[in-house]
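Chain residues, written in single-letter form:
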Amino acid sequence: MSSPGFFARLKLINPSQSVAKDTDALRIGILGAANIAPPALIGPAKLLRSIIVVSVAARDQAKAKAYADKHGIPNTHVSYDALIADPEIDCIYNPLPNGLHYEWTRKALQAGKHVLLEKPAASNEEQAKDLVALAQSKNLVLLEAFHYRFHPASLRFRELVQSHVAEGHAIRKITSIMAFPAIFGKDDIRFNYKLAGGIVMDAGCYTINSIRYFSGLEVESVESATPKIVSENIDGRMEATLKLKDSGADARLIASLTNPWLSVQTYKEVLPRVTVETDTKVFTFGNFLIAGIYHYITVQDKATGRTENLPKQYGEGFSTYKYQLEAFVKAVKSGNKKDVINSIPGWVPGEDSIANMKVIDEVYTRAGMKLRE
Ligand SMILES: NC(=O)C1=CN([C@@H]2O[C@H](COP(=O)(O)OP(=O)(O)OC[C@H]3O[C@@H](n4cnc5c(N)ncnc54)[C@H](OP(=O)(O)O)[C@@H]3O)[C@@H](O)[C@H]2O)C=CC1
Ligand SMILES: O=C1OC[C@@H](O)[C@H](O)[C@H]1O
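By the naming in an unreviewed UniProt entry, the protein chain goes by D-xylose 1-dehydrogenase (NADP(+), D-xylono-1,5-lactone-forming) and is assigned to Linnemannia gamsii. Annotation of the protein chain in UniProt includes, under Catalytic activity (unreviewed entry), the sentence "D-xylose + NADP(+) = D-xylono-1,5-lactone + NADPH + H(+)".

Asker: Help me understand the pattern of salt bridges in this model?
Answerer: Side-chain pairing between opposite charges can occur once the charged atoms of the two side chains come close. The final tally for this structure, using the stated rule, is 21 salt bridges. In this structure, the salt-bridge partner of lysine 119 is aspartate 202, at a minimum N-O distance of 3.6 Å. A residue pair is termed long-range when its members are at least 10 positions apart, and lysine 119 in the loop between β5 (114–117) and α6 (125–137) and aspartate 202 in the loop between β7 (171–181) and α8 (203–215) qualify at 83 residues. Looking at lysine 119, the relative accessible area reads 10%, which means it is buried.

Asker: Whenever I open this one, the site of ligand 2 confuses me. Can you help?
Answerer: Taken together, the neighbourhood of ligand 2 is formed by Lys119, Met178, Phe184, Arg190, Asp202, Tyr206, Leu257 and Leu289. At 2.9 Å from an oxygen atom of ligand 2 is found a side-chain nitrogen or oxygen belonging to arginine 190. Counting atoms within 2 Å of the grid points, the majority share of ligand 2 lands in the largest pocket. Its residues assigned to classes, the shell around ligand 2 comprises five nonpolar, no polar and three charged.

Asker: Looking at this structure, how should I read the site of ligand 1?
Answerer: By nearness alone, 23 residues border ligand 1, and Ala33, Arg59, Tyr80, Asn98 and Tyr321 come closest of all. At 3.3 Å from an oxygen atom of ligand 1 is found a side-chain nitrogen or oxygen belonging to histidine 147. Notes on ligand 1: free accessible area 900 Å², of which the protein chains cover 84%. Among the detected pockets, ligand 1 sits in the largest pocket. Summarising the domain contributions, the shell around ligand 1 has at least three residues from each of domain 1 (6–147 + 322–349) and domain 2 (149–315 + 353–366).

Asker: Looking at this model, I keep getting lost on the sheet that holds strand β11 (residues 273–278). Mind explaining?
Answerer: Through backbone hydrogen bonds, the strands of a sheet pair up, either in parallel or in antiparallel fashion. Spatially, β8-β9-β10-β7-β11-β12-β13-β14 is the arrangement adopted by the eight strands of the open sheet, whose pairing is mixed. A single partner strand is all that each edge strand has here, and the edge strands are β8 (219–231) and β14 (307–309). Across the sheet, the mean angle from the axis of one strand to that of its neighbour is 10°, orientation sign disregarded. Each of β7, β11, β12 (281–286) and β13 (296–301) is contacted by helix α7 (residues 152–166), which is oriented at about 170° to β12, the strand it contacts most. Contacts between α8 and the sheet are confined to β7, β8, β9 (234–244), β10 (250–259), β11 and β12, with β7 contributing the most and set at about 155° to the helix.

Asker: Just to check I follow, could you spell out the sheet that holds strand β4 (residues 91–94) for this structure?
Answerer: Pairing is parallel across the open sheet formed by six strands, whose spatial order is β3-β2-β1-β4-β5-β6. Here the strands that pair on one side only, and so sit at the sheet edges, are β3 (75–77) and β6 (142–144). With strand direction ignored, the average angle separating the axes of adjacent strands in the sheet is 25°. Looking at chain direction, β4 and β5 are connected through four bridges and run parallel. Looking at the pairing, asparagine 94 lines up with leucine 117 of β5.

Asker: Would you take a moment to explain the domain arrangement of the protein chain for this structure?
Answerer: Much of the literature gives interface size as the accessible area that the parts lose upon coming together. According to the domain assignment, the protein chain contains domain 1 (6–147 + 322–349) and domain 2 (149–315 + 353–366). Taking only C-alpha atoms into account, the centre of domain 1 sits 25 Å from that of domain 2. Taken together, the 30 residues of domain 1 in the interface contact 29 residues of domain 2. Buried area between domain 1 and domain 2, both sides added, is near 2,600 Å², and the carbon and sulfur share of it is 66%. For the domain 1 face of the interface with domain 2, the top three residues by lost area are Phe146, His147 and Tyr323, together amounting to 26%.

Asker: How do you make sense of the layout of surface pockets when you look at a structure like this?
Answerer: Gaps between atoms show up when a probe of the same size as a water molecule is rolled over them. As a volume, the largest pocket reaches approximately 1,100 Å³. In this structure, the largest pocket is lined by 44 residues; those nearest its centre are Asn35, Ile36, Phe184, Ile189 and Arg190. Looking at the lining of the largest pocket residue by residue, the classes come out as 27 nonpolar, 10 polar and seven charged. Two domains each put at least three residues into the lining of the largest pocket: domain 1 (6–147 + 322–349) and domain 2 (149–315 + 353–366).

Asker: Would you mind going over the environment of glutamate 118 with me for this structure?
Answerer: Take glutamate 118: it is sitting in the loop between β5 and α6. On a C-alpha basis, the gap between glutamate 118 and leucine 143 in space is 8.4 Å, while along the polypeptide they are 25 residues apart. Setting aside chain neighbours within four positions, we find glutamate 118 in contact with Ile36, Ala40, Tyr93, Asn94, Pro95, His101 and Ala145. At 2.6 Å, the side chain of glutamate 118 forms a polar contact with the side chain of tyrosine 93.

Asker: Explain unusual backbone geometry to me, please; I cannot follow it from the model alone.
Answerer: Among all residues except glycine, the phi angle is most often negative; among peptide bonds, the trans geometry is most common. Cis rather than trans, the peptide bond between lysine 119 and proline 120 has omega equal to -10°. Within the secondary structure layout, proline 120 lies in the loop between β5 and α6. Its identity is not glycine, yet asparagine 287 carries a phi of approximately 65°, on the positive side. On the secondary structure map, asparagine 287 appears in the loop between β12 and β13. Unusually for a residue other than glycine, asparagine 336 sits at a positive phi of about 65°. By the secondary structure assignment, asparagine 336 is in the loop between α10 (320–333) and α11 (338–342). Overall, the relative accessible area of 6% leaves asparagine 336 in the buried class.

Parameters and conventions
Residues numbered from 1 in each chain as written. Chains lettered and ligands numbered in written order. Predicted model: local features only at pLDDT ≥ 70, side-chain atom pairs only at ≥ 80, totals over all residues. Heavy atoms only, no water. UniProt positions renumbered as here; feature names shortened; annotations may be inferred. Salt bridge = Lys/Arg side-chain N within 4 Å of Asp/Glu carboxyl O. Helix = DSSP H or I, 4+ residues; strand = E, 2+ residues; numbered from the N terminus. Buried < 20%, exposed > 50% of the residue type's maximum accessible area, 1.4 Å probe, protein only. Near = heavy atom within 4 Å. Polar contact = N/O pair within 3.5 Å; in protein donor to acceptor, adjacent residues only side chain to side chain. 1 Å grid on protein atoms, 1.4 Å probe; cavity = no way out; pocket = protein on both sides within 12 Å on 5 of 7 lines; lining within 4 Å. Sits in = over half its atoms within 2 Å of the grid points. Nonpolar A, V, L, I, M, F, W, Y, C, P; charged D, E, K, R; others polar. Areas by Shrake-Rupley, 256 points an atom, 1.4 Å probe, with all protein chains shown as cover. Domains from an automatic or database assignment. Pairing = 2+ DSSP bridges. Axes fitted to C-alpha atoms, helices over the stretch in contact; angles between N-to-C directions. Contact = heavy atoms within 4.5 Å. Buried area = accessible area lost by both parts, 1.4 Å probe. Points joined across faces, edges and corners; volume = space filled by probe spheres on them.

Structure, rendered in structure tokens:
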């Protein structure tokens, strides 16, 4: 079966029509009229029979109503607390600013709701540990939304790298780049320390996660961290080098939301990508972040210099977010069963969220910056 073309794939991010819903479909509510919710949840939910977006709460109810009307959400709640307290709601999607992830996810878990939580999981490692422990103690699903991991192209890339490693080729170097120009204004949540902003929290959390996910290795130490400070305690760009455990492998990350427009640097860095180098090969995954729209995977043979461009893996043309939502629904429907969850390719276990936050904290510490609170 051939995959849908580029424009069909774009349309699948947020289709205009919804499929019919199962009578036992999960009922999910959104905290905040966030910009990310249409591509990350509302659109994908239209493609699945097993989940309905039933409500949104915003700090201003008129805003919630306008958002609900625009996106075909049947209900609104007067506050985040009211949404969480609603016994008709099974799951909460938390796309609030980073600094509110901990507080509201904690409240949702306390109220017995499963949570799909935007990245990064919390403001720091300590908070992530607390959330993971709480979810475990209540037998609830808590998924940090590293959507890129669930796409068939990501799974293929990981499998390529890992099977090469299993043949005895150790990873020497892995680089992850997610560096954009100033697409958000300086008042954006991403540049607000009180809301746990900063580039390592934003694009940086993906670079760290992708280094750990594709290499299958944990971080031993942060060797260097060079920030571009844009305001007090806020990094607009970060370059860091890491040492990976049990391998001696080096890792490098570049994260930015402040690259100059129209510069060579911007051109070189604008497509998020991961490169993994072993003794014999160099594997590259271009646009790993939103592979459903466009991506490439190449394998270079270091001895001959020959580069093979592998077939693209668009599957049925769905977005990374749709595969993520399917995984979340499966986990919740299983009753948070460990054997089911462990069998979901790309799943982000609680320990993974904690480990990622730990590296974020360590990058900030190495850069001489304050941890987020
Ligand atoms: N997975 C992905 O691909 C992406 C994930 N994200 C993550 O999603 C989260 C939200 O990002 P994004 O949708 O771009 O953000 P937005 O600014 O669009 O939305 C954040 C929401 O937070 C609410 N909010 C509550 N308190 C505050 C406050 N003090 N200041 C500002 N907003 C507040 C607002 O809700 P209200 O309507 O109640 O006013 C607002 O709608 C972040 O954690 C980010 O990292 C972002 C982009 C992509
Ligand atoms: O996917 C993303 O791309 C842009 C970022 O600023 C955003 O927060 C991130 O999640």
